[in-house]
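Chain by chain, the residues run as shown.
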Amino acid sequence: PGTFFLTDFLVRGFRGTVWHGLGLDRYPQLKDEYFRNYRRLVYMTQSDTGELVEKAQVIAQLLELPLEVRPTGYGLLEERLKAWMDRH
């Protein structure tokens, strides 16, 4: 709760998967409603690419949320997510 998570997949396809998927391309005023309870955006980077981090920064600005970048790699994603959530 309060955290919107991004992976490489969601960063690459944010416009289609999230923006268009939620209808924000047609009703941008709904953005505040959809993201009202989020306090931060956490990008769990699976690959080390600056281009995707830059895209995540644009998404964070668009959603008006502070961005945290967490390197996770591809292995043990579920375990790392659970452990991180238990700490926060």
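In what follows, the structure referred to is the one given above.
Okay, so let's go over this structure. Values in this document were obtained by computation on a predicted structure and should not be read as measured data.

## Focus on the side chain of D8
Residue placement: D8 occurs in helix α1 (residues 8-12). Although D8 lies buried, it forms no salt bridge, and the closest oppositely charged side chain, R12, sits 4.5 Å away as judged by the N-O distance.

## Some remarks on the pairing of strand β3 (residues 67-71)
Pairing of strand β2 (residues 40-45) with β3 involves 5 bridges; the strand directions are parallel. Within β3, the residue paired with L41 across the bridge is L67. Note on the crossover from β2 through helix α4 (residues 50-63) to β3: the handedness is right-handed.

## Quick look at the side chain of T3
Tracing the chain through its elements places T3 in strand β1 (residues 3-6). Classification of T3 as buried rests on a relative accessible area of 10%. In this structure the side chain of T3 is engaged in a polar contact, spanning 2.8 Å, whose partner is the side chain of R40. Those residues in contact with T3 that lie beyond four places of it in its chain are Y38, R40 and V42.

## Section: α4
Its 14 residues place the ends of α4 20 Å apart at the C-alpha level, agreeing with the 20 Å of an ideal helix rising 1.5 Å per residue. Taken together, the buried positions of α4 are occupied by L52, A56, I59, A60 and L63. Buried residues of α4 fall within an arc of 100° about the axis and therefore sit on the same side. Exposed and oriented more than 90 degrees from the buried face of α4 are E51, E54 and Q61. Summarising the contacts, the buried residues of α4 are in contact with β1, α1, α2 (14-20), α3 (31-34), β2 and β3. Looking one or two residues past α4, E64 carries a phi angle of roughly 60°, positive in sign.

About the cut-offs
Residues numbered from 1 in each chain as written. Predicted model: local features only at pLDDT ≥ 70, side-chain atom pairs only at ≥ 80, totals over all residues. Heavy atoms only, no water. Helix = DSSP H or I, 4+ residues; strand = E, 2+ residues; numbered from the N terminus. Buried < 20%, exposed > 50% of the residue type's maximum accessible area, 1.4 Å probe, protein only. Lys, Arg positive; Asp, Glu negative; His and termini not counted. Salt bridge = Lys/Arg side-chain N within 4 Å of Asp/Glu carboxyl O. Pairing = 2+ DSSP bridges. Right-handed = clockwise from strand over helix to strand, strands pointing away. Polar contact = N/O pair within 3.5 Å; in protein donor to acceptor, adjacent residues only side chain to side chain. Contact = heavy atoms within 4.5 Å. Expected span 1.5 Å × (residues − 1). Arc of directions from axis to C-beta.

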